[in-house]
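Now for the letters of each chain:
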Amino acid sequence: MDIAALLSDPAAWAALVTLIVMEVVLGIDNLIFISILSNKLPEHQRQKARRIGISLALIMRLGLLSTLAFIVGLTQPVFELPWHGPIGEHGEPMFELSFSWRDLILIAGGLFLVWKATNEIHEKVDPAATHGVMDADSKVISNMGSAIAQILLLDLVFSVDSILTAVGMTDHLPIMVTAVVVAVGVMLLAADPLANFINKNPTVVMLALGFLLMIGAVLIADGFGFHVPKGYIYAAMAFSAGVEALNMLARRAVARKAPHGETKH
């Protein structure tokens, strides 16, 4: 189908809007990681790191779209272990031990995300200097290089998941490319406000790290064939964010009343 025919096809427009929404939602995970990681850099380098990270995400997604046959091939089994999970209520194993390249990428990315989020939480709870490559006392160039490398690694994981979602929703490459470009454009616009908001609210940082832990666990489960509905994940994230928003409003209300209250002796 050519471009003119797609533009006049209501079904194509519906697929485009749906796919854009899906890509934006899937991009939230990537954006949270980029925001937390970039906030560890010196202030004058944070925006640059976010721009580079999101640009790399766009390049990677468009590159993967240009090799759709290769991407689809990533779902073909590479090896299989001679065991299977317990039988579920539908008479099928609850998880699989047949692994494709996509499964291995998701498992590796999930393990990295769990390790990174755990490390960051430990640093927040016990802020003693660890002299790691991401510490503020390290050389700036090492910080920048480490941040970009880690962003690139997670970009790969989220890009594979994003493109496979696009392939599953439409057969038209122009729709996929448009949705990916629009979604990454939204990420680019939202990156600085989100990162600044996270940086100014320490409790939000811990909440975001909790999200990353959950996302990492879901990636690992998905790699083992245990598919957790994404709606549950995002509903849990939305509920937690709502509770945190109420906490922030409560803290601000207390702060406004404090100067007018009784002075403690």
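Rules of the game
- Residues numbered from 1 in each chain as written.
- Predicted model: local features only at pLDDT ≥ 70, side-chain atom pairs only at ≥ 80, totals over all residues.
- Heavy atoms only, no water.
- Helix = DSSP H or I, 4+ residues; strand = E, 2+ residues; numbered from the N terminus.
- Buried < 20%, exposed > 50% of the residue type's maximum accessible area, 1.4 Å probe, protein only.
- Contact = heavy atoms within 4.5 Å.
- Areas by Shrake-Rupley, 256 points an atom, 1.4 Å probe, with all protein chains shown as cover.
- Phe/Tyr/Trp six-rings, centres within 6.5 Å; stacked < 30°, edge-to-face > 60°.
- Patch = residues over 30% accessible without salt bridge, like charges linked within 9 Å, V, L, I, M, F, W, Y side chains within 5 Å.
- Salt bridge = Lys/Arg side-chain N within 4 Å of Asp/Glu carboxyl O.
- Axes fitted to C-alpha atoms, helices over the stretch in contact; angles between N-to-C directions.
- Parallel < 35°, antiparallel > 145°, perpendicular 65-115°, else oblique.
- Left-handed = near helix turned anticlockwise from the far one by under 90°.
- Nonpolar A, V, L, I, M, F, W, Y, C, P; charged D, E, K, R; others polar.
- Expected span 1.5 Å × (residues − 1).
- Core = buried A, V, L, I, M, F, W, Y, C linked by side-chain atoms within 4.5 Å.

Undergrad: In this structure, what is going on with the overall build of the protein? I would like to understand it.
TA: From N to C terminus, the protein includes 9 helices and 2 strands. For the protein, the N- to C-terminal ordering of α and β elements is α-α-α-α-β-β-α-α-α-α-α. Counting every position in the protein, which comprises 265 residues, the buried fraction comes to 40%. In the protein, 78% of the contacts between residues at least 6 apart in sequence involve partners at least 24 apart. When the accessible surface of the protein is split by element, carbon and sulfur atoms take 69% of a total near 14700 Å².

Undergrad: Would you mind showing me how to read the packing of aromatic side chains here?
TA: Ring pairs (aromatic) are described by centroid distance and by the angle formed between their planes. All chains considered together, the criterion is met by 3 aromatic pairs. Between the aromatic rings of F33 and F112, the centroid separation amounts to 6.1 Å while the plane-to-plane angle is 65 degrees, which identifies the pairing as edge-to-face. You can see F33 sitting in helix α2 (residues 10-38) and its partner F112 sitting in helix α5 (residues 101-125), a full 79 residues away along the chain. An identical accessibility class is assigned to F33 and F112; each is buried. Between F99 and F224 the ring centres are 5.4 Å apart and the planes differ by 85 degrees, which places this aromatic pair in the edge-to-face class. Of this pair, F99 sits in strand β2 (residues 98-100) while F224 sits in the loop between α8 (202-223) and α9 (230-257), and the two are 125 residues apart along the sequence.

Undergrad: Would you take a moment to explain a nonpolar patch on the surface for this structure?
TA: Among the surface-exposed residues, V78, F79, L81 and W101 lie close enough to one another that they form a single nonpolar patch of about 360 Å² accessible area. Its place among the elements puts L81 in the loop between β1 (77-80) and β2.

Undergrad: Teacher, can you tell me more about the pattern of salt bridges here?
TA: When charged atoms on two side chains of opposite charge get close, those side chains can pair. Summed over all chains, the structure comprises 8 salt bridges. Here D222 and R102 are joined by a salt bridge, their closest N and O atoms 3.2 Å apart. A residue pair is termed long-range when its members are at least 10 positions apart, and D222 in helix α8 and R102 in helix α5 qualify at 120 residues. Across the pair, exposure class does not vary: D222 and R102 are buried alike. Among the salt bridges present, the one from E120 reaches K116, with a minimum N-O distance of 3.2 Å. Highlighted residues: E120 and K116, both in helix α5, separated by 4 residues, approximately one helical turn. Three or more residues are tied together by salt bridges with common partners; here these are K40, K116, E120 and E123.

Undergrad: Help me understand the packing of α2 against α9, please; the structure alone is not making it clear to me.
TA: Orientation of α2 relative to α9, taken along the N-to-C sense of each, is 55 degrees, at an axis distance of 11 Å. When the interaxial angle is binned, α2 and α9 end up oblique. As α2 packs across α9, the resulting crossing turns out to be left-handed. Of the residues in α9, those touching α2 at V25, L26, I28, D29 and I32 are K230, Y234 and M237. Residues belonging to the contact of α2 with α9 are distributed by class as follows: 6 nonpolar, no polar and 2 charged.

Undergrad: Just checking my understanding: could you explain α5 for this structure?
TA: Residues three or four positions apart in an α-helix share a direction because the helix packs 3.6 residues into each turn. For α5, spanning 25 residues, the distance from its first C-alpha to its last is 36 Å, which sits close to the expected 36 Å at 1.5 Å a residue. Every buried residue of α5 is accounted for by R102, D103, L106, I107, G109, G110, F112, L113, K116, A117, E120 and I121.

Undergrad: Explanation requested: helix α3 (residues 43-65) in the structure shown.
TA: Here α3 contains 23 residues, and its C-alpha end-to-end distance of 34 Å stays within 8% of the 33 Å for a straight helix at 1.5 Å per residue. Turning to α3, its buried residues are Q45, R46, A49, R50, G53, I54, A57, M60, R61, L64 and L65.

Undergrad: Is there a simple way to think about the nonpolar core in this case?
TA: Note on soluble globular proteins: their nonpolar side chains tend to be buried together. By size, the foremost hydrophobic cluster in this structure holds 56 residues, and its most contacted members are F33, L113 and L212. Elements with a minimum of two residues in this core: α2, α3, α5, α6 (140-169), α7 (173-200), α8 and α9. If we ignore the near neighbours within four places in the chain, the residues touching L212 are D29, I32, F33, I36, L113 and A117.

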